[in-house]
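Observations on the model geometry
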Amino acid sequence: MAKLLKTQITANPLTRFHQATKFGTKDKYGCKRTTQNSRFLSGAGSIRAVISSSEDKNVVTTSSKVLQKNGLATSSPMIDVKAAITIRKKMKEKLTEKIEDHWEALINGIGKGIVVQLISEDLDPVTGSGKSVETSVRDWAPKQLEHSSYLEYVANFVVPSDFGYPGAILITNLHNKEFYLVEIVVHGFSDGPIFFSANSWVQSRNDNAQSRIVFRNQAYLPSQTPAGMRDLRREDLLSVRGNGKGERKHSDRIYDYAPYNDLGNPDKDDDLARPVLSGEERPYPRRCRTGRPPTKSDPYSESRIEKPHPVYVPRDETFEEIKQATFSAGRLKAVLHNLIPSLSATLSSSDNPFTCFSEIDKLYSDGVPVNCDQETKSIFDNLLLPMMMNKALSAGQKLFKYDIPAIISGDRFSWLRDNEFARQTLAGVNPVNIEALKEFPILSKLDPAVYGPPESLLTKELIEGQLGGMTIEEAIESKSLFMLDYHDMLLPFIKKMNSLPGRKAYASRSVFFKTETGLNPIAIELSLPPTPSSPNNRRVYIHKHDATTYWIWKLAKAHVCSNDAGVHQLVNHWLRTHACTEPYIIAAHRQLSSVHPIHKLLHPHMRYTLEINALARQSLINGGGIIEACFSPGKYSMELSSAAYKNMWRFDMEGLPADLIRRGMAEEDPSLPGGVKLVIEDYPYASDGLLIWSAIEEWVEAYVDHFYSDNHSISSDVELQAWWDEIKNKGHSDKRNERWWPKLKTKEDLSGILTTMIWVASGQHAALNFGQYPFGGYMPNRPTLMRRLLPVEEDPDYDCFLQNPQLAFLSSIPTQLQATKVMAVQDTLSTHSPDEEYLGQIHLLHCHWINDTEILRLFQKFSTRLEEIEEIIKARNCDASLKNRNGAGVPPYELLLPLSEPGVTGRGVPNSISI
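Calculation criteria
- Residues numbered from 1 in each chain as written.
- Predicted model: local features only at pLDDT ≥ 70, side-chain atom pairs only at ≥ 80, totals over all residues.
- Heavy atoms only, no water.
- UniProt positions renumbered as here; feature names shortened; annotations may be inferred.
- Helix = DSSP H or I, 4+ residues; strand = E, 2+ residues; numbered from the N terminus.
- Buried < 20%, exposed > 50% of the residue type's maximum accessible area, 1.4 Å probe, protein only.
- Contact = heavy atoms within 4.5 Å.
- Areas by Shrake-Rupley, 256 points an atom, 1.4 Å probe, with all protein chains shown as cover.
- Pairing = 2+ DSSP bridges.
- Phe/Tyr/Trp six-rings, centres within 6.5 Å; stacked < 30°, edge-to-face > 60°.
- Lys NZ or Arg CZ within 6 Å of the ring centre and 35° of its normal.
- Axes fitted to C-alpha atoms, helices over the stretch in contact; angles between N-to-C directions.
- Parallel < 35°, antiparallel > 145°, perpendicular 65-115°, else oblique.
- Left-handed = near helix turned anticlockwise from the far one by under 90°.
- Expected span 1.5 Å × (residues − 1).
- Bend = angle between axes of the 7 residues up to and from the residue.
- Polar contact = N/O pair within 3.5 Å; in protein donor to acceptor, adjacent residues only side chain to side chain.

Looking up the protein chain in an unreviewed UniProt entry gives the name Lipoxygenase, with the organism given as Papaver somniferum. Quoted verbatim from the Pathway (unreviewed entry) heading of the UniProt record, the comment on the protein chain is "Lipid metabolism; oxylipin biosynthesis."

Okay, here's the thing in structure tokens:
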């Protein structure tokens, strides 16, 4: 990875912007550095301003009055200083936009487009603020850099030699529209070039009268802030907090909190009303505030904004152009796989189930069938779809066909086997719910007056009958029994879920036994809410070899997989990564200055998360959205997610080692990575995850130790303490009184908090997200909902089950329409964008993210360690003794391999929750 990192940086298309091709050198980290050049140093006795037109310069005399207006004395020798300003334009521009570019260049040429103010770290004794000097960009012909989307403008200053070191730049945009500021490099000071990384949208003064503050790439704790920058540091933080009032505009850069009150649409349909997720009854993390007006039907619910209109997120949080193109392509694919089957189902007046497994196979070989008769064609015409259809056809059949998921690519029938059912609890897309069975009998914690007797029907006699002569006490003592327990989480919702059309579910418990050959399921308990006639409404199933019991067992496993799919999506994936991370990001922007070292550390782990969460609220988790349509909890999906937050989410248990210990899957052992020893050594998610966790932990601890000299420097850091307080009291305010919140008093406290946040945003999300299509793309393996309860002899359809058990199974899993919908979404969500930033990598635009050689050395060490981890994981996947990641038809476990190519790869650990 170190080699890749170096290549990525040195191949930076902005190297000419740094002038390195003419007079630069490369430092040991691969970043190009510019040496001092006498062209930027003026004679001691002359006062000059330089007006630049690309490389040509005209020298004019500047009167002392002009300099005195900026508070600058004229008695000091003067220095010519050049600011190279890089702006990114769109990759694909319309003709009108190209014309606008030429007009903007003309405006910049006469000095009426961009005003640049250089601020010193030193105080001006007259103003009491940082010394400053102001100029305008006067550049008729901006230089086009190696990448055609990047332009370099030049602004020139003359500053007195006692000006001090520049600490900030104020940019004022006099144009009528925003521009994307990449970076400013100031040449002319004796210590070499000074880098001001922006990577931010600068709004027109017409939209935001405030000048944009860009700090140089130096990290400062609040107490270390140079005197000339203190006011600017405070003002910059205040500018992004807003006042909590009014509707946010697309151009705003305001970070604030709001509850999840925008999921329903009661104004459109009473059936689309959804409860507000906030407060004691339905607690939930906070989201980014948009300020839209309330609905007419419910003053507590926020009105919705529907596609294609965007949901507000702060301007710098939106997808970059290449990401937008990728996500749009994914949405196009989703439309083709979603709309076409929907129209077909509507026209045929039925939503058909699969009738044989070959119909599922055709999704990968033939694609989704479309009945394009004349009537359908006219509907397409009315919906303005011909262009989309033509694009699909011109792109070939690929857009109509699904790729073969990894789970069946090597063995089409692996999903049928018990050992594969068990293997996926350790190496599948949801490997975070399996737990050791620690106590017996198994008891529910639910109210028995409402949910029936607490004792499980998984009795001692039943389980010991599957243990090959071992007693249950011996099995628990030897850590050989494990459980997948969704009973208490789901049972309170089962009655409501089963009242929905086409939904039938149980609350499940599954018990697994570990032998020398691996993990195998031995019993499944499926529970329904008690009724007057059946107060203990539960059944237990075990694997037998007669045909009838075999198919019943297979259906029972399908119900467990359906529960697992819902909990994975709504709890482990959406809640514990996406939703819980959003408050960390909002608080970081509101309370940590961009020059704070912790803001700089967290910055790559916050990329795109607010935008993808906003899109999810608009299209995925909203009332009537994809999740409700395709997963068992239906319209109660987010209420289930809220209940999980209320009953199980704890920040102190979100770190990987703590979570493994809580579930009984590991024991403390300080000599091993992560400080734990796994109970099951062949646990791919945990064993690979602990390598990633340990690398993050080492990097974070070294980073914190570099900036904080002692524990007092932690407790006295006002920005840091405000950040942590806001996370607890605003971002997760419904949990603010919990006693388990970590204290933030020591360096160890801070390192633990940061390691957990970075792990959740990177490794944890990668493990839970990028396997969605590889494992879920074959619906029989992980049905997202079940439409029928298990057949029993008293049922009128029992004879139909006996005559055609295959059809009974296929009629129980999602219909063709439901399957193609969710497969399209899983395919999109499992896709890496071409501009993905992976753990241990530096984005080419962030090459100069910090001016600290020791931190760069530590980051290089972190990057090298991740490169080593990549090789360790590859070697593990070739180890024949590790049966959960190696064997005939067994896909290797690659979800925590750090790097990936674009597309659906089933591997790669991005820095952030970006999809």
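1. A look at the overall build of the protein chain
Secondary structure summary: the protein chain contains 30 helices and 24 strands in total. With 915 residues in all, the protein chain has 59% of them scored as buried. Considering only contacts within the protein chain whose residues lie at least 6 apart along the sequence, 74% involve residues at least 24 apart. Accessible surface, the protein chain: about 36800 Å² in total, of which carbon and sulfur atoms supply 52%.

2. Comments concerning the sheet that holds strand β8 (residues 143-144)
Sheet architecture is open: five strands sit in the order β8-β9-β5-β11-β12, paired in antiparallel fashion. The open sheet has two edge strands, β8 and β12 (194-202), and neither has a second partner. Where strand β11 (residues 179-187) meets β12, seven bridges bridge the pair, whose relative direction is antiparallel. Each bridged residue has a counterpart across the sheet, and for V186 the counterpart in β12 is I194.

3. As for the packing of aromatic side chains
Tallied over the entire structure, the rule returns 30 aromatic pairs. Considering the side-chain rings of Y284 and Y645, the 5.9 Å spacing of their centres and the 65° angle between planes classify their relative orientation as edge-to-face. Of this pair, Y284 sits in the loop between β14 (257-258) and β15 (287-288) while Y645 sits in helix α20 (residues 637-648), and the two are 361 residues apart along the sequence. We classify Y284 as buried; its relative accessible area is 0%. Through a chain of ring-to-ring contacts, the aromatic side chains of Y260, Y284, Y584, Y645, W649, F651, W723, W724, W740 and W741 assemble into a single cluster. Taking NZ or CZ as reference, R315 lies 4.1 Å from the ring centre of W201, over its face. Note that K554 overlies the ring of W551, its terminal NZ or CZ placed 3.6 Å from the centroid.

4. Quick word on the packing of helix α15 (residues 487-498) against α20
Running from amino to carboxyl end, α15 crosses α20 at an angle of 155°, the nearest separation of the two axes being 10 Å. The orientation of α15 relative to α20 falls into the category roughly antiparallel. Where α15 crosses over α20, the two elements pack in a sense that is right-handed. Of the residues in α20, those touching α15 at M489, L490, F493 and K496 are E639, L640, A643 and M648.

5. Section: helix α25 (residues 747-769)
Between its first and last C-alpha, α25 extends 32 Å over 23 residues, near the 33 Å set by a 1.5 Å rise per residue. Most pronounced at V760, the bend in α25 amounts to some 45°. Burial within α25 is extensive, with 20 of its 23 residues counted as buried.

6. Here we look at the pairing of strand β10 (residues 166-173)
Of all eight residues in β10, eight are buried, a share of seventy percent or more. With seven bridges joining them, strand β6 (residues 114-123) and β10 adopt antiparallel strand pairing. From the neighbouring strand, Q117 faces β10, where its bridge partner is L170.

7. A word on the pairing of strand β18 (residues 507-515)
Of all nine residues making up β18, seven are buried, and the element is well covered by its neighbours. As paired strands, strand β17 (residues 481-485) and β18 are joined by five bridges and run antiparallel to one another. The partner of M483 across the bridge, within β18, is V511. As judged from the nine bridges shared by β18 and strand β19 (residues 518-527), these two strands associate in the antiparallel manner. The partner of A507 across the bridge, within β19, is S527. Connecting β18 to the antiparallel partner β19 that follows it, the hairpin turn spans two residues.

8. A look at the sheet that holds β6
If you walk across this open sheet you meet the four strands as β7-β6-β10-β13, and the pairing is antiparallel. In this open sheet, the two strands that pair with only one neighbour each are β7 (130-136) and β13 (212-215). Going across the sheet, the axis of each strand differs from the next one's by a mean of 25°, ignoring polarity. One ladder, built from six bridges, connects β6 with β7; its direction is antiparallel. Pairing of L123 across the sheet is with G130, part of β7. Helix-sheet contacts for helix α5 (residues 230-241) involve β6, β10 and β13, and the interaxial angle to β13 is about 125°.

9. Some remarks on the environment of N206
Mapping N206 onto the fold places it in the loop between β12 and β13. Linking N206 and L174, residues 32 residues apart in sequence, is a C-alpha distance of 7.9 Å. Discounting residues that sit within four places of it in the chain, N206 has contacts with H175 and N176. Engagement of the side chain of N206 in a polar contact is seen with the side chain of N176, the distance being 3.1 Å.

10. With respect to the side chain of R287
Position of R287 relative to the elements: it lies in strand β15. Not counting residues up to four positions away in its chain, the partners in contact with R287 are D256, Y257, A258, P259, Y260, N261, D262, E302, E582, I586 and R617.

11. Considerations on α20
With 12 residues, α20 extends 16 Å between its outermost C-alpha atoms, agreeing within 8% with the 16 Å of an ideal straight helix rising 1.5 Å per residue. Of all 12 residues that make up α20, nine are buried, and the element is covered over most of its length. Among the residues making up α20, those that are buried are S637, M638, E639, L640, S641, S642, A643, A644 and Y645. Packing partners of the buried residues in α20 comprise α15, α16 (547-591) and α19 (626-630).

12. A few points about the environment of D682
With respect to the helices, strands and loops of the structure, D682 is situated in the loop between β22 (676-678) and α22 (684-707). Measuring from C-alpha to C-alpha, the distance between D682 and A427 comes to 9.2 Å, with 255 residues separating the pair along the chain. In this view, D682 contacts L426, L882, K883, N884 and R885; residues no more than four positions away in its chain are not counted.

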